[in-house]
Every structure is written in C-alpha cells, then in structure tokens.
Amino acid sequence: MTRSRLLIFFLVAAFAALLTVLILVPTRGSFLIATLALLAGLVSGLLLKGRRSSFGISNLQTENDQTVGVSAELLDATINEMREGLLIIDHEMRVLASNKAARNLLSNVDDRIDLRRLTELTRNPAIYDAFLDALHGQERAGVKVETYNQGRQVFDLRVAPLRSSNGKGTQGAVGVFFDITRLERLEVIRQEFLSNVSHELRTPLTSIIALAETLEAGALNDAENNRRFLSIIQKNATRMHRLIDDILELSAIEAGNVKVHPETIQLRALVEDVIGTLSSAAALRKVALRNDVSPEARIFADPHRLMQMLTNLVDNGIKFNREGGQVVISFDHGVRDRVHVEDTGEGIPAHHLDRLFERFYRVDRARSRELGGTGLGLAIVKHLARAHGGEVTVESRFGEGTKFTVEFGATASGRANGAVRNPRFQ
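If you're wondering where the values come from, they're calculated on a predicted model, not measured in any experiment. (Residues numbered from 1 in each chain as written. Predicted model: local features only at pLDDT ≥ 70, side-chain atom pairs only at ≥ 80, totals over all residues. Heavy atoms only, no water.)

S.K.: Could you give an account of the overall build of the chain, with specific residues and numbers?
M.R.: A count of helical and extended segments in the chain gives 13 helices and 12 strands. Per-residue burial over the chain gives 38% buried out of 426 residues. When contacts within the chain are restricted to residue pairs at least 6 apart in sequence, those whose partners lie at least 24 apart make up 61%. Surface accessibility of the chain: about 25,100 Å² in total, with carbon and sulfur atoms responsible for 55%. (Helix = DSSP H or I, 4+ residues; strand = E, 2+ residues; numbered from the N terminus. Buried < 20%, exposed > 50% of the residue type's maximum accessible area, 1.4 Å probe, protein only. Contact = heavy atoms within 4.5 Å. Areas by Shrake-Rupley, 256 points an atom, 1.4 Å probe, with all protein chains shown as cover.)

Next up, the structure:
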C-alpha cells in the first residue's frame, strides 16, 4: 500500500510539472521541455522509489532474519526442555532431529546423533520395529520400551508416519517417548497392595466361615468347644477390624488427608501414657517397659500422632521380644530431636532391613499373624515421621535386639524449648 501511494505521488508531481511548463512557456519547444520534465520526474520518482524499496526490503530481511533466529532458538530450547523424548527419522532410518530427552534414553550416544542410522543408536527391537512400521504407513501407539542406561526406565512410545507432499508414501516418521517409569512402579505397588489385602483378609475370613459352619452343624451344643470356637471367631473378627482400620489410616496419610498439628509437649508424660496402654500386653509376655526420657525433655510434635508412632514401635518391641526382655524408650535433643525405641529381642536379619517399612512386609509372617500384626504398623510410622518433616530408621543385630529411631524436623528442635501447650502432658 505504501509503495503504491509513493508511485502515485511522483506521477502527480510529474504531471503538475508538465502543466506548469505549458502554461509558463507557450512555445513550440514548450512541449519538448514539458516532455523532458515529465520523463525526469518519472525517472527521479522511480529511482527514489527503488532506493526506498531497497531500504525497506533490507530492513524487512534483517527483521525477518532476527525473528527467524529468535524463533529457532526458542523452538530448540522448548524441544530440548521437554520431558518426553522426540525423535524424527527420514525414509532411510537416519535421524533428522532429536531432543535431549531422546538422546539420554538411547545407548552409545555421546553428542549429536543427526544423520546417524537408528540401528547405530539402539539395539532395542521395540523401537526399531515401531519406526519401521511407521515408514510403511502404519501408526504405532502404546509400544512399551525398557532401557537400562540410568537404571531401569519404562517408556510408552508413539510413532506416526510423516506423509509426503503428494500424499503418496512417507518421507519419514516422528516418535515421542513418554516416561511411565513412575506410573508402572505405582501400578506394581497397587497390584501388590490389592494382593496383600486380599490375602490378609482371606485368612481370618476363612477361619470365621469354617468355625461358623462347624457351630451350625451341631457344635453349638458342644459345651467343651463352642466357647473356644466363638473366641477364635471373635479374635479373627478383631484382626479384620484392625486391618481395615490400618488400611484406611495408611491410605488417608499417603493421600495427604491427615494433617499434623504440632505443639510443644512434655515427652516423658506422653511416653508414660504409651507404657500404661501396653503394660498388660507386656506383662503377658513378661517384658519390662522402661522410660528413660528425662522430665525436662520437650519436643515439638503432634501429640496424637507421636503417641500413635510410639505405640506401634513399643507394641512391636513387646511382640517380638524374648521372655524376660525389655523395651527402652529414650530421647536425644539436638538440631534434630530423636526418640529411640530399643528392644532386646531376637533382632532382624540384615537383608530384611531395607524393606521393613513397606506395607505388609513381615520378617516372620506366621508369627506376625499369630501375634495379631497387620503388617502396616511400620509403614504408618514411616509416613507420620515424614509428615513431621523427619524420618524413621532402624538398626538391628540378629540375636541381640533392634533399635528404631524417629527423627524429627529441624524446626521441631527450635520450638521445643517453648512453653507446654497441652495440659495433658504437663
């Protein structure tokens, strides 16, 4: 539009020059002069227009080059920051483009991989077959790819053909690798959880059904056994109730629906409450409970959740202790406060320690069920400790005993010197 206006302007100027010459110089030579003036005006206008056009094109080209450069850098940065791996190949299976995530999941790759054949970069048949099918015009989705370059990783690969401009045949293929390692791990955990829950519920439920059928068949009138059968039914029903409560509790904690409300409390009084709750169970197994927490000890924690953690740990110390043994609760104050629960039981073999806090994991399954354990207590302790900004650890020597340590967050130590807010633990 600007160029058209400029040309019209110079044409009008030249025509005006012609009229001026004809009016001011009315002679025969005036027409020649006017014509020369018109030609001079046109040439000047075209030259000026050309210079301005050249200047405009030059500026436009410079701006386009800068825009293209910025766009290319932005696109490159965006693609390389993607979590998904991106790989584009041509019809000869040579790599045309890739991003950082794709290069990381391929083996034998040090730097750029452009123009290298796919077979040079990976020996994974799932990747090769998916891209080969795409070159034949078939889109592939849901291809499971496993790599072991940085530990085991699992990817969901989707490959689509790149059609030629005339729509006949393919020029190449583009593949996107979605990292589903965490999703697969969660799926395995979910399946194990369902399997464990089913197994844990099936055992007491089978016992209850069998005994109920026995009583119905005539044992109800058996004075010697009917009460024993009813006692077993009650014991298994209680176990199922406890298991369901622990499952719901753990699920709520893992989902983040359980909030801790920490406050400065006197630890010794809380430990005394725990000991009082479990004293009967300890007396039955002839295990002594000892509170080595000093009266001045303060800790910044949720009293209800701390009592829940200590109850689980002390109860475990009682169940898996030896006759005449003891369970000792102690406290260390420092940058991170630590509460210790140590028993003199049989200890735990070293190869079990790494998995001890997993759901339903038991060192001795038969004994744990016999003692009424659900296999979820330590998992609950682990998550509650983390909710306090801390962690729980275990040390054990087989045949000597086990020591659990609940470590609280650094902020807990700084606030534990304040006044006690809960009158129950004053």
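So much for the structure itself; the text now carries on.
S.K.: Describe in detail the environment of Thr405, supporting the description with residues and values.
M.R.: In this fold, Thr405 is placed in strand S12 (residues 401-407). Classification of Thr405 by relative accessible area gives buried; the value is 8%. Sequence separation between Thr405 and Ile329 is 76 residues; the distance between their C-alpha atoms is 9.9 Å. The residues contacting Thr405, other than those within four sequence positions of it, are Arg338, Val339, His340, Glu391, Val392 and Thr393. Within the local environment of Thr405, its side chain forms a polar contact with the side chain of His340, the two groups lying 2.9 Å apart. (Polar contact = N/O pair within 3.5 Å; in protein donor to acceptor, adjacent residues only side chain to side chain.)

S.K.: Tell me about the nonpolar core, residues and numbers included.
M.R.: Counting residues in hydrophobic clusters, the biggest one holds 50 residues, and the most contacted among them are Leu267, Leu306 and Val314. Ignoring any residue separated from it by four or fewer positions in sequence, one finds Val314 in contact with Val274, Leu278, Leu289, Val327, Ile329 and Val341. If you look at the next biggest cluster of nonpolar residues, it comprises 21 residues, including Met93, Leu118, Ile127 and Val159. (Core = buried A, V, L, I, M, F, W, Y, C linked by side-chain atoms within 4.5 Å.)

S.K.: Requested: an account of a nonpolar patch on the surface, with residues and values cited.
M.R.: A cluster of nonpolar side chains, Leu183, Leu186 and Ile189, forms an exposed patch at the surface whose accessible area comes to about 260 Å². Judged by its relative accessible area of 33%, Ile189 falls in the partly exposed class. (Patch = residues over 30% accessible without salt bridge, like charges linked within 9 Å, V, L, I, M, F, W, Y side chains within 5 Å. Salt bridge = Lys/Arg side-chain N within 4 Å of Asp/Glu carboxyl O.)

S.K.: Kindly report on the layout of surface pockets, identifying the contributing residues and their values.
M.R.: Taken as a whole, the second largest pocket spans an internal volume of roughly 480 Å³. For the second largest pocket, the lining is made up of 20 residues, of which Ile189, Glu192, Phe357, Glu358 and Arg359 are closest to its centre. Put simply, the parts of the chain that give the lining of the second largest pocket at least two residues each are helix H6 (181-216) and helix H12 (377-387). For the lining of the second largest pocket, the element with the most residues is H6, which contributes seven residues. Residues of the lining of the second largest pocket, tallied by class, amount to seven nonpolar, two polar and 11 charged. (1 Å grid on protein atoms, 1.4 Å probe; cavity = no way out; pocket = protein on both sides within 12 Å on 5 of 7 lines; lining within 4 Å. Points joined across faces, edges and corners; volume = space filled by probe spheres on them. Nonpolar A, V, L, I, M, F, W, Y, C, P; charged D, E, K, R; others polar.)

S.K.: How would you explain the side chain of Asp337 if you had to name every residue and give the values?
M.R.: Residue position: Asp337 is located in the loop between strand S9 (326-332) and strand S10 (338-343). Within the buried set, Asp337 has no salt-bridge partner at all; the shortest N-O distance to an opposite charge, 7.4 Å, is to Arg338. Side-chain polar atoms of Asp337 contact the side chain of His333, separated by 2.9 Å. (Lys, Arg positive; Asp, Glu negative; His and termini not counted.)

S.K.: A description of the packing of aromatic side chains should follow, citing residues and the corresponding values.
M.R.: Per the counting criterion, the structure on display carries two aromatic pairs. Both rings, one in Phe155 and one in Phe177, keep their centres 6.4 Å apart while their planes meet at 90°; by these two values the pair is edge-to-face. Placement of the pair is Phe155 in strand S4 (residues 153-163) and Phe177 in strand S5 (residues 170-179), with a sequence separation of 22 residues. Classification of Phe177 as buried rests on a relative accessible area of 0%. Look at Phe357 and Phe404: their rings are 6.2 Å apart centre to centre, the planes differ by 85°, and that puts the pair in the edge-to-face class. One end of the pair, Phe357, is in the loop between helix H10 (350-353) and helix H11 (365-370); the other, Phe404, is in strand S12, with 47 residues separating them in the sequence. When its relative accessible area of 5% is taken as the criterion, Phe404 is described as buried. (Phe/Tyr/Trp six-rings, centres within 6.5 Å; stacked < 30°, edge-to-face > 60°.)

S.K.: How would you sum up the sheet that holds strand S2 (residues 95-98)? Please name residues and give values.
M.R.: In space, the five strands of this open sheet follow the order S2-S1-S5-S4-S3, with antiparallel pairing throughout. Of all the strands in the sheet, the pair left with one neighbour each is S2 and strand S3 (140-147). When the angles between neighbouring strand axes are averaged without regard to direction, this sheet yields 25°. As paired elements, strand S1 (residues 85-90) and S2 share three bridges and run antiparallel to each other. What sits directly across from Ile89, in S2, is Val95. Across the sheet, helix H5 (residues 125-135) touches S1, S3, S4 and S5, and the angle it forms with S5 is around 140°. (Pairing = 2+ DSSP bridges. Axes fitted to C-alpha atoms, helices over the stretch in contact; angles between N-to-C directions.)

S.K.: Describe the pattern of salt bridges, and please don't skip the residues or the numbers.
M.R.: On inspection of all chains with the given rule, the structure shows 16 salt bridges. Across the salt bridge formed by Glu120 and Arg116, the nearest N and O atoms sit 3.7 Å from each other. Here Arg336 makes a salt bridge to Glu407, at a shortest N to O gap of 3.1 Å. A residue pair is termed long-range when its members are at least 10 positions apart, and Arg336 in the loop between S9 and S10 and Glu407 in strand S12 qualify at 71 residues. Classification of Arg336 as partly exposed rests on a relative accessible area of 27%.

S.K.: Break down the packing of H6 against helix H7 (residues 226-254) for me, with residues and values.
M.R.: Between H6 and H7, the shortest axis-to-axis distance is 9 Å and the interhelical angle comes to 160°. In terms of orientation, H6 lies roughly antiparallel with respect to H7. In the crossing of H6 with H7, the sense of the turn from one axis to the other is left-handed. Its residues assigned to classes, the contact of H6 with H7 comprises 18 nonpolar, five polar and two charged. (Parallel < 35°, antiparallel > 145°, perpendicular 65-115°, else oblique. Left-handed = near helix turned anticlockwise from the far one by under 90°.)

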